[in-house]
Amino acid sequence: MHFPTRAIHIGQEPDELTGSVTVPLYQTSTYAQEEIGKHKGYEYARTQNPTRDRWEECLANLEGGVAAHAFGSGSAAVDAVMRLLSAGDHVVMAEDMYGGTFRQAERVHRRFGLSFTYVDMRNPDNVRAALTPQTRMVYTETPTNPMMTITDLRAVAAIAAEAKAIMVVDNTFATPFFQRPLELGADIVLHSATKYLGGHSDLVHGIVATRHQHLAEQIGFLQNAVGAVPGPLECWLCLRSAKTLHVRMERHASNAQQIAEWLETQPSVKAIYYPGLPSHPQHALAASQMSGFGGMISIELGSLAKAVDVTKRLKLFCLAESLGGVESLVCHPVSMTHGSVPPEQRARLGITDGLIRLSVGIEDVRDLIADLEQALQA
Ligand SMILES: *Cc1c(COP(=O)(O)O)cnc(C)c1O
């Protein structure tokens, strides 16, 4: 079956008891047991919830994994993946990454004995050079946030496999509709489902999928033992959203492509970062591992004053953190999402005071371009 059909049907068979076409929301903390030692496979809702099971089954299938495990947020999903490691282990990470992942690595996991080396993942040789005998994990995001750089997933996965390190990919920006890292050699893929998977800016959620049974068992153990589980409503909403993921992503990407091409003609825009543009230095690589380029665009306006001015004037693009919802958003990474990244590192990556990031929604693209036009020309 093709992706859209699986997104609508996997884990979503009509309910056996009532015929309900949507998966029921099991808002319960515990389950009645028939007698001591005899139950229906459900004992306690941190450990098992039928709504959560069905969403995990659906997402595992969409990513091409053997299993998935859901968490209370994308950050909790990152944390669960880090807990596969032990004190003394080393991780090679992308230097251009979601700011909160960097903060978690440096201010939480480092205290528990993990060490991290941040490299420019645009060149796979940098990953090889950073490996140590203690390296147990290689962790990347692609496209990255907010600079839209691309990691060559096949090349880096091969290097990680050679080093017997677990290759982890944060697939939040691309979603499995456009990119399936497990099929390119990654071991684990994770998401902030708060973004495109949820897709409507109405929930906070995370999920981890893997193609290895042994890793699935360890992540499942951590999900229950550490307990950063989502509520069933979030799982239900994610299942609801999975059904439209393909149509939403197609529209996000076609709107973003048209906007990026239009932005290239605007003199007030000093630089545009969008992997769908042939002028993006890694466009060919992106095209070789993604079937579409997503809805995220970053633009350089040259100064903080211009960024403040443009974000104030925009009417449809709402100034807010987060991304991936049906409505367009704009954010200023330096003061919003990437505040926890040290200034020297930000400067090196190109995350300047004049950079703004657009999360292109699925409104009519003519209205979005008109909004950008009036804001940029002022
Ligand atoms: C938002 C985000 C996260 C963190 O997820 P939360 O759901 O906010 O905890 C991780 N990675 C990426 C790429 C993100 O955009």
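Shown above is the structure to which this text applies.
Values in this document were obtained by computation on a predicted structure and should not be read as measured data.

Scoring rules and cut-offs
Sequence positions are assigned chain by chain, starting from 1 and proceeding in written order. Per-residue local features of the predicted model are confined to residues with pLDDT of at least 70, and side-chain atom pairs are confined, for both listing and counting, to 80 or more; whole-chain, interface and lining totals are unaffected and use all residues. Calculation of side-chain values draws on the structure's entire complement of heavy atoms; hydrogens and water are dropped beforehand. What counts as a helix is a DSSP run of H or I of at least four residues, what counts as a strand is a run of E of at least two, and both are numbered from the N terminus. The atom set for the radius of gyration is the C-alpha atoms, and the globule formula is 2.2 Å times the number of residues raised to the power 0.38. The cut-offs for exposure are 20% and 50% of the maximum accessible area for each residue type, with area from a 1.4 Å probe on protein chains only; residues under the lower value are buried, those over the upper are exposed, and the others partly exposed. The contact criterion used is simple: two residues touch if any of their non-hydrogen atoms lie within 4.5 Å. The Shrake-Rupley method, run with a 1.4 Å probe, gives the accessible areas here. Residue values count only the displayed protein chains as cover. Note that His is not counted, nor are the chain ends; the positive residues are Lys and Arg, and the negative ones are Asp and Glu. The atoms used to mark charge sites are NZ of Lys, CZ of Arg, CG of Asp and CD of Glu. One heavy atom suffices: a residue is near a molecule or strand as soon as one of its heavy atoms comes within 4 Å of it. The definition of a polar contact used here is a pair of N or O atoms within 3.5 Å, where within protein one atom must be able to donate a hydrogen and the other to accept one, and adjacent residues in sequence count solely through side-chain atom pairs. Under the scheme applied here, ten amino acids are nonpolar (Ala, Val, Leu, Ile, Met, Phe, Trp, Tyr, Cys and Pro), four are charged (Asp, Glu, Lys and Arg), and all others, including Gly, are polar.

Caption draft 1: Molecular detail of the overall build of the chain. Broken down by element type, the chain carries 14 helices and twelve strands. A compact globule built from 378 residues should have a C-alpha radius of gyration of about 21 Å, and the chain, at 21 Å, falls within 12% of that. Counting only C-alpha atoms, the chain reaches 75 × 50 × 35 Å along its principal axes. Here the chain holds 378 residues, and 56% of them are scored as buried. Across the chain, the fraction of contacts at a sequence separation of at least 24, relative to all contacts at a separation of at least 6, is 72%. In the structure as shown, the chain presents an accessible area of about 15400 Å², 54% of it carried by carbon and sulfur atoms. In the chain, the 32 positive side-chain charges and the 40 negative ones have mean positions that sit 3 Å from each other.

Caption draft 2: Up close: the site of the ligand. The full set of residues close to the ligand is S73, G74, S75, Y98, E141, D170, T172, S192, T194, K195, H205 and L323. Here an oxygen atom of the ligand sits 2.8 Å away from a polar atom, N or O, in the side chain of S192. Burial of the ligand by the protein amounts to 92% of the accessible area it has alone, namely 380 Å². Of the residues belonging to the shell around the ligand, the class tally is two nonpolar, seven polar and three charged.

Caption draft 3: Local environment of unusual backbone geometry. The omega torsion across T142 and P143 is -5°, close enough to zero to call that bond cis. One can find P143 in the loop between β4 (135-141) and α6 (153-162). Residue P146 is reached from N145 by a cis peptide bond, and omega for that bond is 5°. Looking at the secondary structure, you find P146 in the loop between β4 and α6. We note that K164 has phi near 55°; this positive angle belongs to a residue other than glycine. With phi around 80°, S322 is a residue other than glycine that occupies positive phi space.

Caption draft 4: Seen up close, the side chain of Q345. Residue position: Q345 is located in helix α13 (residues 343-349). Excluding residues within four positions of it along the chain, Q345 makes contact with E95 and F102.

On their own, these measurements won't tell you what the molecule is for.
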